[in-house]
Amino acid sequence: MTGAVTREPTTEPTGSAAAAHVGLFRLYRAELRWIFRRPRTLVVLGLLAIIPAVMGIGLAIGSSTDNGPGNGGDALLTAAAGNALALPIAALAVGLNLLLPLTSAMSAADALAGELAHGTLRSWLLAPVSRGRLLAVKALGVATFTLASVVLMSVVGVVTGLAMNGTGGLFTLSGTTLSFGAALVKVAIAAGWVSLQLWAVAAVALAISACTEHPMLVVVSVLAGTIVFTVLLMLSAVDWLHPFLLPQSWTSIVDVLRDPIAPTGLVEGAVRAVCYIVIGLSLAYARLTTRDG
Amino acid sequence: MSEATTAVPGVPVAPTGTTAPAARTRGLRKVYRSTVAVDQVDLDVPEGAVLGMLGPNGSGKTTTIRMLLGLVRPTEGEVELLGRRMPEGAGRALPDVGALVEGPGFHPFLSGRENLYRAAAAEPRLAGADVPGAVATALERVGLAGAAHRRYRGYSLGMKQRLGLAAALLVPRRMVVLDEPTNGLDPAGTREIRKIIAELHAEGTTVLVSSHLLAEVEATCTHVAVLHDGTVVAQGELDELLESGSPGLLVSTPDGDRALASLRENRIPGKLTPDGVRADLTATTAPKVVETLVRAGVAVHEVRRERTGLEDLFARLTQHETPGPAGLPEVDEVTK
């Protein structure tokens, strides 16, 4: 009864408007509610949160690891052992190699392909939500989830680092010691930069997601892509290709730990990521608008 | 439902008046790769009608509906929904259209209510503050209020179908499109859907129902469109379509033999039926038959126009021989 009475006035203003649309913010809020109520999201976030903690404990126990196998992030891991500042950044660097891109890919896969597979995309298209707005909401949702996972890892990393080493060991790779505030700023910069790289992955994943209704295909594509790119980066025969590969600058995250920060690699990586985002979202938009719903 | 009837005056009625159809297609054609899904479909859905879209599986019902709603771009032809060209006018037409297409689509890990909240978030006709009220009303209307808190995963097929219906009825609509709404429903559920369709009809809402269940269409619809192999083989008012094929009058009377004799005397062809006689109306009219019988002193209990069941009509239209000669309105040749 009251429903009809209260609904009546709202019909008038929207009805007289040219084309009725729901505000982007309302859709975004509904999207976040959906993302963060999904059990899978919470499980993934929980697992990601464990990584820095496990790394911290592992490094503390095996502090005699010396210079074991010659892996890429070796210096970073060694530095992280006795350093509260390095631990969150080392955790992000490790995650950036595979786990975090896969997380973004999963989120992007659910956003379009997964919704399409469930037939749930249709209800928004029929509301109607225009395809452009749909992509905007989906991209924002994926970006938010990615940011949340990076921030979560960073926070757990900082807390673990502080619990193990206290505020004493905040020294940089250049040998200088930082105040707690300055260290947090460095962690924030690293988190922001890693998020940007992941958004680039997610944008491409969204483009794939717009082309299929099999979410698994999106995740597998990103997994395969990451591995292939990493292999290509190891081959000097194709070094002309390297500037176009997103993971080219992922090792530059170590530069955040220098004092002052060595910007060249980081800026180059940021520019590359922005290019990937623009291309990825354009492809996703082109596919989504021409596709049969 | 008193709620629904009070809501009707608040809904702005089409300024164009009742002459314009709620939905219309002209020369609609859709080709997927090499298969022609829909070909030359000229469909008219009159405002306020309950149109049953009938056809065997794969006859192009869902594809037509998807093009009508702007989900699919036609290969050729025009679509108009509530006076707007589709799919370009989707932003203006669709807020007033509720739809359940290709089965209900919801997230298994969310409860029925949460799923509706998510659908309601995108409804332009629903202010944010009104969402909980509208969701509760819709759940109540389809009889799911008791199961609203349960996860969609655990719903039975019928409950899923009802939730889909609830999503289509979140706001008072000018038109409601239901694609196979009774799929998976038990007889009681089917009756409830029929009741809801009747309520919508009483409110003046145009309803488009697709189905392959003939009885369902016969019971709920005012208009029918029959699709076969992607083309419309017949459309029009249900009564007209049913009558057109059978000019016969059924008379129930205890003294059938006398009735038959008096008909024969007046050169009206007829035959005996279990409860009386059937008079052929090809050469005469119903009043004439009744007059004849009454003059002959036959006790007439009941007289009614013979209707071929929709089943006969449907069989005739969708079999590959040419449709009957009985002058069906808008009968197209079944072209391959």
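Residues numbered from 1 in each chain as written. Chains lettered and ligands numbered in written order. Predicted model: local features only at pLDDT ≥ 70, side-chain atom pairs only at ≥ 80, totals over all residues.

A. Representation of the overall build of chain A. Across its full length, chain A holds 11 helices and zero strands. Counting helices and strands in the order they occur from the N terminus, chain A gives α-α-α-α-α-α-α-α-α-α-α. Evaluated residue by residue, chain A yields a buried proportion of 44% over its 293 residues. In chain A, of all internal contacts separated by at least 6 residues, the share reaching a separation of at least 24 is 81%. (Helix = DSSP H or I, 4+ residues; strand = E, 2+ residues; numbered from the N terminus. Buried ≥ 20, exposed ≤ 12 C-beta atoms within 10 Å, placed from the backbone. Contact = placed C-beta atoms within 7 Å.)

B. Structural detail: the nonpolar core. In terms of nonpolar packing, the biggest core is built from 168 residues, with A90, L92, A205, L206 and I253 of chain A touching the most fellow members. Tallying contributions element by element places helix 9 (residues 180–209) of chain A first for this core, with 18 residues. Leave out the neighbours within four places in its chain, and L92 of chain A touches V150, M153, S154, A190, A191, V194 and I253 of chain A. Ranked by size, the runner-up nonpolar core spans 11 residues in total, among them L260, A279, L293 and V298 of chain B. (Core = buried A, V, L, I, M, F, W, Y, C linked by C-beta atoms within 7 Å.)

C. Quick peek at the sheet that holds strand 13 (residues 270–273) of chain B. All names here are of chain B. Overall, antiparallel pairing links the four strands, which are arranged 13-14-12-15 in an open sheet. Of all strands in the sheet, those with a lone pairing partner are strand 13 and strand 15 (302–305), marking the two edges. Averaged over all pairs of adjacent strands, the angle between their axes in this sheet comes to 20°, without regard to strand direction. Taken together, the four bridges between strand 12 (residues 248–252) and strand 15 define a ladder with antiparallel strand orientation. Looking across to strand 15, one finds that V251 is bridged to V303. Sheet strands touched by helix 10 (residues 256–265): strand 12, strand 13 and strand 14 (276–280). Its angle to strand 14, the strand with the most contacts, is close to 20°. (Pairing = 2+ DSSP bridges. Axes fitted to C-alpha atoms, helices over the stretch in contact; angles between N-to-C directions.)

D. Inspection of the domain arrangement of chain B at higher detail. What the domain assignment reports for chain B is domain 1 (2–242) and domain 2 (247–305). The C-alpha centroid of domain 2 of chain B is placed 44 Å from the C-alpha centroid of domain 1 of chain B. (Domains from an automatic or database assignment.)

E. Layout of the environment of I277 of chain A. Residues and elements named next belong to chain A. Locating I277 in the fold gives a position in helix 11 (residues 263–290). The spacing of I277 and A202 is 75 residues in sequence and 8.0 Å in space, taken between C-alpha atoms. With residues up to four places along the chain from it excluded, the contact list for I277 reads W199, A200 and A203.

F. Highlighting helix 7 (residues 187–203) of chain B. Residues and elements named next belong to chain B. Along its 17 residues, helix 7 runs 24 Å from first to last C-alpha, staying within 8% of the 24 Å computed at 1.5 Å per residue. Those residues of helix 7 that sit buried are G189, I193, I196, I197 and L200. Seen along its axis, helix 7 keeps its buried residues to an arc of 100°; they face one direction. Across from the buried face of helix 7, at angles greater than 90 degrees, the exposed residues are P187, A188, K195 and A202. For helix 7, the secondary structure elements touched by its buried residues are strand 4 (50–54), helix 6 (157–168), strand 8 (175–179), strand 9 (206–211) and helix 8 (214–220). One or two steps after helix 7, the chain reaches G204, where phi turns positive at roughly 95°. (Expected span 1.5 Å × (residues − 1). Arc of directions from axis to C-beta.)

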